Amino acid sequence: MSLHPANLLIPLMVIIPLTCALLLNVLHGKDRTVKIISVVVALALPVLPLLAGYGTQYFGGYVPLAQNSAIASGLPTSITGSALSLFHPAITYFFGSGQKLMLFILGVVALFSIFASLYEVKRPSGVYTYLLFMLAASIAALILTDDIFNLYVFFEIAALTQVGIILVSRVKGNYETALKYMILGGIASPMLLIGIALLLGVTGNVNITDIAYSIKTGLVNPNSSVLLMACGLITFGWLYGAGLPPFHSIKSAVYSKALPNGAAMLQAFSVFMFVALGIIILRIFGYLPFTKVFIIGISLLAMVLSITMAITQTDFKRIIAYLAVGELGYIGIGLGLGTVAGITAGLFQAVNEVVITAFLFLGFGTVLYKTRQSDIRKLGGMMFESPKSAFLVLLAGFAMAGVPPLNAFQSKLMLIQATLKAGIPELGVIMILLSIVTFMTFMKAFYAIYLRSKPKDLKILEKKIPRVTMVAMVAFLVICITFGVFPQLAIGYLQPLAAGLV
Amino acid sequence: MNIYDLIRRRMKEIQGEAQKEEPVSNISTSSVLTAEITLISTIILAAIMLRFLSMVLMIFVVLALIFVAIMVMPVMPKLKREQNDSLASMMFYVVLALGIITILFYWGNLNV
Amino acid sequence: MIMDTQSASLLTASSLIIIGIFGTVFLDNLIKKVIALGFVGDGANLFLIAMGYKAGGIVYIFMPGMSRDWFAQNASYPLPFALVLTSIVIGASTMAVMLGIIIVLYKRHGSISASKLLGDGNNGK
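Residues numbered from 1 in each chain as written. Chains lettered and ligands numbered in written order. Predicted model: local features only at pLDDT ≥ 70, side-chain atom pairs only at ≥ 80, totals over all residues. Heavy atoms only, no water.

Topic: the overall build of chain B
Here is the rule: The helix count covers DSSP runs of H or I at least four residues long, the strand count covers runs of E at least two residues long, and both are numbered beginning at the N terminus. Throughout, a residue-residue contact means that at least one pair of heavy atoms, one from each residue, lies within 4.5 Å. In short, Shrake-Rupley with a 1.4 Å probe defines the accessible areas, and a residue's cover is counted only from the protein chains shown.
The secondary structure content of chain B amounts to five helices and zero strands. Sequence-ordered secondary structure for chain B, helices as α and strands as β, is α-α-α-α-α. Taking contacts inside chain B between residues at least 6 apart in sequence as the whole, the part at least 24 apart equals 52%. Carbon and sulfur atoms make up 73% of the accessible area of chain B, which amounts to about 7,100 Å² in all.

Examining the overall build of chain C
Just so we agree on the cut-off: Atoms considered for the radius of gyration are the C-alpha atoms alone. The globule rule reads 2.2 Å times the number of residues to the power 0.38. For every residue, the accessible area obtained with a 1.4 Å probe (protein chains only) is divided by the maximum for its type, and the residue is called buried under 20%, exposed over 50%, and partly exposed between those limits. Charge counting treats Lys and Arg as positive and Asp and Glu as negative, with His and both chain ends excluded. The location of each charge is read from NZ of Lys, CZ of Arg, CG of Asp or CD of Glu.
Helix and strand content of chain C: five helices and zero strands. The helix and strand sequence of chain C, counted from the amino end, reads α-α-α-α-α. Taken over C-alpha atoms, the radius of gyration comes to 21 Å for chain C, far larger than the 14 Å a tight globule of 125 residues would show. A burial count over chain C gives 35% of its 125 residues as buried. Working note: accessible area of chain C is about 7,000 Å², and carbon and sulfur atoms make up 69% of it. Treating the 8 positive side-chain charges of chain C as one cloud and the 5 negative ones as another, the clouds have centres 13 Å apart.

Observations regarding the packing of aromatic side chains
Residues and elements named next belong to chain A. As a reminder of what qualifies: Any Phe, Tyr or Trp ring, taking Trp's six-membered ring, that has another such ring centre within 6.5 Å forms a pair; planes under 30 degrees apart are called stacked, those over 60 apart edge-to-face, and the others tilted.
Applying the stated criterion across every chain yields a total of 26 aromatic pairs over all chains. Ring geometry for Y255 versus F361: centroids 6.0 Å apart, planes at 75°, classification edge-to-face. Remark: F361 occurs in helix α15 (residues 340–371) and Y255 occurs in helix α11 (residues 248–257); sequence separation between them is 106 residues. Take Y255 and F361: they sit in the same class, and that class is buried. Here F316 and F364 contribute two aromatic rings whose centre-to-centre distance is 5.4 Å and whose plane-to-plane angle is 35°, an arrangement assigned as tilted. Of the two residues, F316 is situated in helix α14 (residues 316–337) and F364 in helix α15; the sequence distance between them amounts to 48 residues.

Remarks on a nonpolar patch on the surface
Residues and elements named next belong to chain B. The condition is simple: Residues forming no salt bridge and having over 30% relative accessible area are the ones grouped into patches, like charges within 9 Å of each other and nonpolar side chains (Val, Leu, Ile, Met, Phe, Trp, Tyr) within 5 Å. A pair is scored as a salt bridge if a Lys or Arg side-chain nitrogen falls within 4 Å of a carboxyl oxygen belonging to Asp or Glu.
A surface patch of nonpolar side chains, about 620 Å² in accessible area, is lined by M55, V56, I59, L63, I66 and I70. Its location among the elements puts I66 in helix α3 (residues 55–71). Note on I66: relative accessible area 35%, which makes it partly exposed.

Remarks on helix α13 (residues 289–311) of chain A
As a reminder of what qualifies: Expected helix span is taken as 1.5 Å per residue step, with the number of steps being one fewer than the number of residues.
An ideal rise of 1.5 Å per residue puts 33 Å on 23 residues; α13 of chain A measures up with 34 Å between its terminal C-alpha atoms. Summarising burial for α13 of chain A: 18 of the 23 residues are buried, a large majority.

So, the pattern of salt bridges
Residues and elements named next belong to chain A. Scanning the model with the defined rule gives five salt bridges over all chains in all. With a shortest N-O distance of 3.2 Å, R283 and D146 are connected by a salt bridge. One end of the pair, R283, is in helix α12 (residues 260–285); the other, D146, is in the loop between α6 (127–144) and α7 (148–167), and 137 residues separate them in sequence. Classification of R283 as partly exposed rests on a relative accessible area of 28%.

Considerations on the domain arrangement of chain B
When the parts of a complex come together, some accessible area is lost, and that lost area is often taken as the interface size. Our working definition: As annotated, the domain borders come from an automatic or database domain assignment.
Here chain B is partitioned into domain 1 (24–73) and domain 2 (83–112). On a C-alpha basis, the centres of domain 1 of chain B and domain 2 of chain B stand 22 Å from each other.

Side note on the interface of chain B and chain C
So the rule is basically this: The term buried area refers to how much accessible surface (probe radius 1.4 Å) is lost by two components on association, counted for both of them together. In the analysis that follows, any N or O atom pair within 3.5 Å is treated as a polar contact, provided that within protein one partner can donate a hydrogen and the other can accept it, and provided that, for residues neighboring in sequence, both atoms belong to side chains. Side-chain classes follow a simple rule in which Ala, Val, Leu, Ile, Met, Phe, Trp, Tyr, Cys and Pro form the nonpolar group, Asp, Glu, Lys and Arg form the charged group, and the remainder, Gly included, forms the polar group.
The partner chain C presents 10 residues to the nine residues of chain B that form the contact. Each partner contributes to the roughly 790 Å² buried at the junction of chain B and chain C, and carbon and sulfur atoms together form 76% of this total. For the interface between chain B and chain C, the tally reads zero salt bridges. Taken together, chain B and chain C are joined by one residue pair in polar contact (both at pLDDT 80 or more). Counting only elements with at least two residues in the side of chain B that touches chain C, the list comes to α1 (3–20) and α5 (87–111) of chain B. Across the side of chain B that touches chain C, the residue classes break down as six nonpolar, two polar and one charged.

Focus: the interface of chain B and chain A
Counting residues at the interface gives 37 residues for chain B, matched by 47 residues for chain A. Interface area for chain B against chain A, summed over the two sides, is near 3,900 Å², with a carbon-plus-sulfur share of 80%. Together, Q83, F105 and N109 of chain B form the three largest contributors to the area buried by chain B at its contact with chain A, with a combined 16%. Linking chain B to chain A there are seven residue pairs in polar contact (both at pLDDT 80 or more). Those elements that place two or more of their residues in the side of chain B that touches chain A are α2 (26–48), α4 (75–82) and α5 of chain B. Per element, the largest residue contribution to the side of chain B that touches chain A is 15 residues, and it comes from α5 of chain B. For the side of chain B that touches chain A, a count of residues per class yields 24 nonpolar, 10 polar and three charged.

Some details on the environment of V468 of chain A
Residue and element names in this part refer to chain A. Relative to the helices and strands, V468 is located in helix α20 (residues 467–485). Remark: the alpha-carbon pair of V468 and G164, spanning 304 residues in sequence, is separated by 24 Å. Apart from residues lying up to four places away in sequence, V468 is in contact with F115, A116 and Y119.

Side note on the packing of helix α5 (residues 97–120) of chain A against α15 of chain A
Residue and element names in this part refer to chain A. Here is the rule: Every axis in this analysis is a line fitted to C-alpha atoms, fitted for helices over the stretch in contact. Angles between the N-to-C directions lie between 0 and 180 degrees. An angle counts as roughly parallel when it lies under 35 degrees, as roughly antiparallel when it exceeds 145, as roughly perpendicular when it falls between 65 and 115, and as oblique in every other case.
Viewed as axis vectors pointing N to C, α5 and α15 meet at an angle of 10°, and their least axial separation amounts to 9 Å. By the angle class used here, α5 and α15 are roughly parallel. Here α5 contributes L101, M102, I105, V109, A116 and E120 to the contact with α15, which in turn contributes V351, V354, V355, A358, L362 and Y369. Among the residues making up the contact of α5 with α15, the classes are represented as 11 nonpolar, no polar and one charged.

A short note on the packing of helix α10 (residues 225–242) of chain A against α13 of chain A
Residue and element names in this part refer to chain A. Operational definition: It is the rotation of the near helix from the far one that decides the hand of a crossing: anticlockwise by less than a right angle makes it left-handed, clockwise makes it right-handed.
Relative orientation of the contacting elements α10 and α13 amounts to 25°, with a least axis distance of 12 Å. Judged by the inter-axis angle, α10 sits roughly parallel to α13. The crossing of α10 and α13 is right-handed. Counting all contacts with α10, which are made through C231, T235, W238 and L239, the residues of α13 involved are T291, F294, I295 and I298. Looking at the contact of α10 with α13 residue by residue, the class counts come to six nonpolar, two polar and no charged.

Describing α7 of chain A
All names here are of chain A. In a regular helix each residue adds 1.5 Å, so 20 residues correspond to 28 Å; α7 covers 28 Å between its end C-alpha atoms and thus fits that length. Judged by how many residues are buried, α7 sits mostly within the fold: 18 of 20 residues are covered. Between the side-chain oxygen of the N-cap and the backbone nitrogen of F149 there are 3.1 Å, and the N-cap of α7 in question is D147.

Next comes the structure, spelled out in structure tokens:
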């Protein structure tokens, strides 16, 4: 078996940030070295997916028997002649065009999140940079993996890292929120594991391609009650992983307890977990019509509950956090429609949302940086303090609400078209309605922070906003405009992935 | 304390606190009002999707929802109170959701 | 024999999970809550490993003198065993972090009561 050098990069997209994270721990205290290594590796994160060639990575080189004649020749025909020869004996990573775009976007968000943390945090050699790299590595694995147990493991690593990121933030109440998240996770993640165990028990496999193959070709009874139970439990784990109701309030609390640059990574984790496990649910259980009905139902619930909660909040970090959870609903509706157009639109919305929410978190983070205050009732007059960042934040808000020519406009338009084509115009109407409310929520926060006159007791610190934060915001804006003007650029990558799911 | 007492106390909490919750300032009143209208209109719009099951059911449910919405009008303060950050209430909904989902998937996949 | 080993394991696993969820919901002491969560995790692990059980099967180590066909027919399924090890490690580290947080909370507030520490109002204290 020969390995193409471009394919060798597929596992490296996980291994490089993982190794870097471990290395940074060893170098604790050496600030300069840590800074140099972090900058180099962070720069590599968005570049690696661009260089890597499409392909499949079999860990340990264990390819399916059908492709490995050397081993297969000595085996009895009861193995080589059956489906066993097609099954994947090792953990498999699949890297296609959809994965390429998602990993690139993840790389960009991770890059700026790490850069911002290096310049905003006093001691870069602390544990924070380690956590960010670890999270980047686990999210990359979530996107790449074709093995549901591997997904579970990396999800747990990411969830622990998430807890770590809020523990080191020194925001009031971070320990309490972290413990609440872990206790809820302590119930939800074993349920996901049991779902996986049931799948393993029925099909004897943890590889998603093999499980889907077994169900599709009738090797196992698709209507067996064990599979239905597995579907329910894995969906419950999906709700927990992505922060859909009933986990939306804890997820938004988690975002609001992190530093802004950490929160940018945390929301990327939620969105990519949503997409990764959502795709898996569609691949394995797509034949059950109720699954899609449920995905649409829970997405609607997420949108309504989170956006109505967002508008009644007074802490701006909590407002963006709830909006970020609410935006997940749009992706879910795209996935739940189950058509190629719908899934493509949903994935496009996911990619856009990661960029826009990171943009918003960093943007509002500058307010926090200058005032140490996140209550919008006590803020005001920031327009005169930092007009440039105010303008960028306004554009980020426009992007989230779906104002042309920014990217979410294109994806939301595609979503609405997909709902019309699927014959469910009500969903389109609801999405438009909630977009308007999203915009209103954003404007409420924007008005309170930037436009109205400054309260007398508000102290503004004499600190300049780090240049790297501004650069990051401009970079996110460039991505927003590029995808808004040339949506084909993203859709071309995502369509093959969506077409493979139907 | 036994389970019955816990559940009863929780019921009392929900009912008691929802009544004294009153929006105060201008901006928060309008926010709650917007949220209220959004919530009701979204639920009614979503109910229209029942037409895929049965037309008669859809008309009946939508009318009933409009009636109920008018009757229990300030629903948002209660909803906000429900989605608070206390571990007990989050846990309550998580376990409830787990039960609903497992039953729903078993029933739904055999019947839808 | 009333029940085979697999059914007994599954029954034990489900009762562990039910007891665990019950404890997590209704116990107020945070340490007890964490112990109850340990029950849930252990139940899930036991469930997972019970999937690899084969009635009358042998340990899946290929010893000299075994014929390949006989081994293939009689060995139990090795995959759940590999998976459950990973899962146990994850559970242990999660529990360590939870207990660590509880230590910090106890030092700050002098209490490990969930209703006092993890209620709604005292989120930012």
